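# Report on the structure
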Amino acid sequence: MRALPVFRRSLADSWRPLIAWAIAIVAVLALYLPLYPDIGGNGQLAQIIEGLPQGLVNALGYASIGTGAGYAQATFYGLMGFLLLSIASISWGGAAIAGAEESGRLELDLAHGVGRTQYALESALTLVVKLAALVTVAGVMVWTLNGPAELGLDAEGVLAASVSLMGLTLIGATAALAVGALTGRRAFATAAGAAIAVYGYALNAIANQSERLDWLRNASPYSWAFESAPLAEGFDWPRLALLWGISAALVAVAAVALRRRDVLG
Amino acid sequence: MDRPRRPCLPDTPPLLSDNLRSISIVTTLWREYAAAMADRLSAGQQRDVDPDAGSASRGRAIEVHGLTKHYGPHEAVRGIRFSVERGTVYGLIGPNGAGKTTTLRMLVDIIRPSSGTMRVLGVDPRRGGPALRRRIGYLPGDLRLSTRMRGRALLDHFARISGPVAPGAIDALAERFDLDLDRPVRALSKGNRQKLGIVQAFMHEPELIVLDEPTGGLDPLMQREFIDLVREARDRGQTLLLSSHVLSEIQQAADRVAVLSAGRLVAEGDVESLRLASIRRLRATIAGTTADAVGGTLGSISELRDLTLTPGGEARDPVRVAATIDGPVDPVIKALARHLVVDLTVEEPDLEESVLSLYGDEGRQGQETSLGTGSRFIRRPRHAGDGHAGPRRSGDTEGGPQ
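The rules behind these values
- Residues numbered from 1 in each chain as written.
- Chains lettered and ligands numbered in written order.
- Predicted model: local features only at pLDDT ≥ 70, side-chain atom pairs only at ≥ 80, totals over all residues.
- Heavy atoms only, no water.
- Helix = DSSP H or I, 4+ residues; strand = E, 2+ residues; numbered from the N terminus.
- Buried < 20%, exposed > 50% of the residue type's maximum accessible area, 1.4 Å probe, protein only.
- Contact = heavy atoms within 4.5 Å.
- Areas by Shrake-Rupley, 256 points an atom, 1.4 Å probe, with all protein chains shown as cover.
- 1 Å grid on protein atoms, 1.4 Å probe; cavity = no way out; pocket = protein on both sides within 12 Å on 5 of 7 lines; lining within 4 Å.
- Points joined across faces, edges and corners; volume = space filled by probe spheres on them.
- Nonpolar A, V, L, I, M, F, W, Y, C, P; charged D, E, K, R; others polar.
- Polar contact = N/O pair within 3.5 Å; in protein donor to acceptor, adjacent residues only side chain to side chain.
- UniProt positions renumbered as here; feature names shortened; annotations may be inferred.
- Patch = residues over 30% accessible without salt bridge, like charges linked within 9 Å, V, L, I, M, F, W, Y side chains within 5 Å.
- Salt bridge = Lys/Arg side-chain N within 4 Å of Asp/Glu carboxyl O.
- Pairing = 2+ DSSP bridges.

On to the overall build of chain B. Counting its regular elements, chain B contains 11 helices and 14 strands. Out of the 402 residues in chain B, the part that is buried amounts to 51%. Taking contacts inside chain B between residues at least 6 apart in sequence as the whole, the part at least 24 apart equals 72%. About 17500 Å² of surface is accessible on chain B, with carbon and sulfur atoms providing 51% of the total.

Rendered as structure tokens:
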């Protein structure tokens, strides 16, 4: 009997889509970052931005797009990367328990002698590992393009932004996991994860509109991840702890919920 | 509990009349008590000699008391009670929606009972956890395997959880069922997925194997192979609990049977004497005679019910006969043989039909709520002629808890 059967099976069943996501992320980065010297670094983009309504610029987080870190943040970490990773991880979170239950896989695994807590924890581990893989691919790609695209990023910034992005998207994923464990319904699970992601982003975008609304950031996971500009400033440990702590709590909710209820096919 | 594994056929009629039943309960209760005392004594002696002696054949693999499950107002299982001796095959039959799947799922802790107690391999499934479930092989009734993994990889996955699996065991089973383990599971046909399900339930030779509608999707040849597999497992000392809505399947495989209907256990007994088995639907076409003449020969046969005779249009056209045989078929066949039989069908009736016709409203409303313990489980005769061991109707075992 070897360790982590659920984790191993999940990976065995899903490495193909994982590779597809990685390719998508590499493609997005390859598309956006090399444009920086042409449109960001020489002030062209700054001119374009000046022509845009201030509200829109703030909402998109384009205010500091004139720097390498600001550009990478605005285009990838704060937008496309967040979007792609959220979609991927929320769908995984919904598939992990609720999807397994709807497909009948959970019933068979549990009957074979996987503990329910073990199942929830191994499912969470799968989420973390797969997300880490994508974030790592993204980080390596950013670092590779750092020189050619003249972004001027430092390693700590890339690392800090990666950990922030991962912590942010992991909340959506673990919310989906927890709601899946509570309800056994994949649709509910996915909806919950998506709602968390949209909520965080929307709240942050509204807060960008006015300094008077700054307090909204306190309630937005998106702001916790990116308000301190990790690409430029490095790790913001208290907020990272908050992000990851919420994910840990959601995993605990998933484990307890799954232990308590009937598993339905 | 040192009864012979295959009991002698009871020579009493399967169902006693209502008057005799109460006497039977008293004798059964007494025999139950005596047997329990004897078991206790012999078990104590055994333990002194060898704690594991005969562990495969003695004791109960499953004990269920007052098991109830409701989903909101809907009661799926309503206070059922049964027990399965180790080293035997126990069949759970009933129409669809009778509560079979719910019961089996509770035994493996997939769903939790609303009330009642269970003991599986001596442990409460709610407390037994993964360690208990590794001792159980389980085939879900609604087996849906949609993974891209190959059959072998999927079985390896289950072996990692429930192992160890003896080397070669998987291949031997796969070969036996003519199952290709190198194809992706989701590309397999329904029958082949079912075979995969059977393999995963048997491969680690668990003490208890719980199978929900195991032969669904299997062709007749494979069904026979499956029955052989079940018997071999039993002969090795494993205990099997299987559900079906097909009576003949249970008849071939099981030693003992419980009939579920609408969440209640309406009958329980040795499979050979189960009265359900004796109901047959008869259809025949008879030529060269008249409906009156056929009615004359068949009308007097007490085993026949619901006799319908449809005469042909012309005087000498064949007569169509439809009836229900409730008992031995022999007198009916002998009577028919006096005529020219053009066509004859004798078939097992729909299980729902037979449960309802035999157990009537009990199957729907049920009288079982206040069943006592002890008398519920009918002991097999210790030697030939040792009383009645046929199936019992639930209403005949009223009694208080021990």
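From this point, the discussion proceeds with the structure in view.
Below, the discussion takes up the layout of surface pockets. Residue and element names in this part refer to chain A. If you add up the space inside the second largest pocket, you get close to 660 Å³. What lines the second largest pocket is a set of 27 residues, and nearest its centre among them are Ser10, Asp13, Ser14, Ala95 and Arg105. Put simply, the parts of the chain that give the lining of the second largest pocket at least two residues each are α1 (5-32), α5 (68-102) and α7 (116-146). With 7 residues, α1 is the single largest residue contributor to the lining of the second largest pocket. Split by residue class, the lining of the second largest pocket holds 10 nonpolar, 9 polar and 8 charged.

What follows is about the side chain of Asp109(B). Mapping Asp109(B) onto the fold places it in the loop between α2 (100-107) and β4 (115-120). At 2.8 Å, the side chain of Asp109(B) and the side chain of Arg112(B) are in polar contact. Beyond its immediate stretch of four places on either side in the chain, Asp109(B) contacts Arg116(A), Pro125(B), Arg126(B) and Arg133(B).

The next thing to look at is the UniProt feature "transmembrane region" (unreviewed entry) in chain A. When the UniProt feature table is mapped onto this chain, "transmembrane region" (unreviewed entry) is found at residues 18-35, 76-98, 119-145, 157-180, 187-207 and 240-258 of chain A. Taken end to end, residues 157-180 of chain A is 100% helix and 0% strand, and its first and last C-alpha atoms sit 34 Å apart.

This part covers a nonpolar patch on the surface. On the surface, Val329(B), Ile333(B), Val341(B), Leu344(B) and Val346(B) cluster together into a nonpolar patch covering about 320 Å² of accessible area. Here the nonpolar patch takes 3 residues from strand β13 (residues 340-347) of chain B, the largest share from any one element.

This part takes up the pairing of strand β7 (residues 239-244) of chain B. Residues and elements named next belong to chain B. Burial of β7 is extensive: 6 of the 6 residues sit out of reach of the surface. Here β7 shows a buried face lined by Thr239, Leu241 and Ser243 and a second buried face lined by Leu240, Leu242 and Ser244. Strand direction decides the pairing type here: strand β3 (residues 89-93) and β7, joined by 5 bridges, are parallel. Paired with Gly91 across the bridge in β7 is Leu242. In this sheet, β7 lies alongside strand β6 (residues 208-212) in parallel orientation, the contact comprising 5 bridges. Bridging from a neighbouring strand, Val210 pairs with Leu241 of β7.

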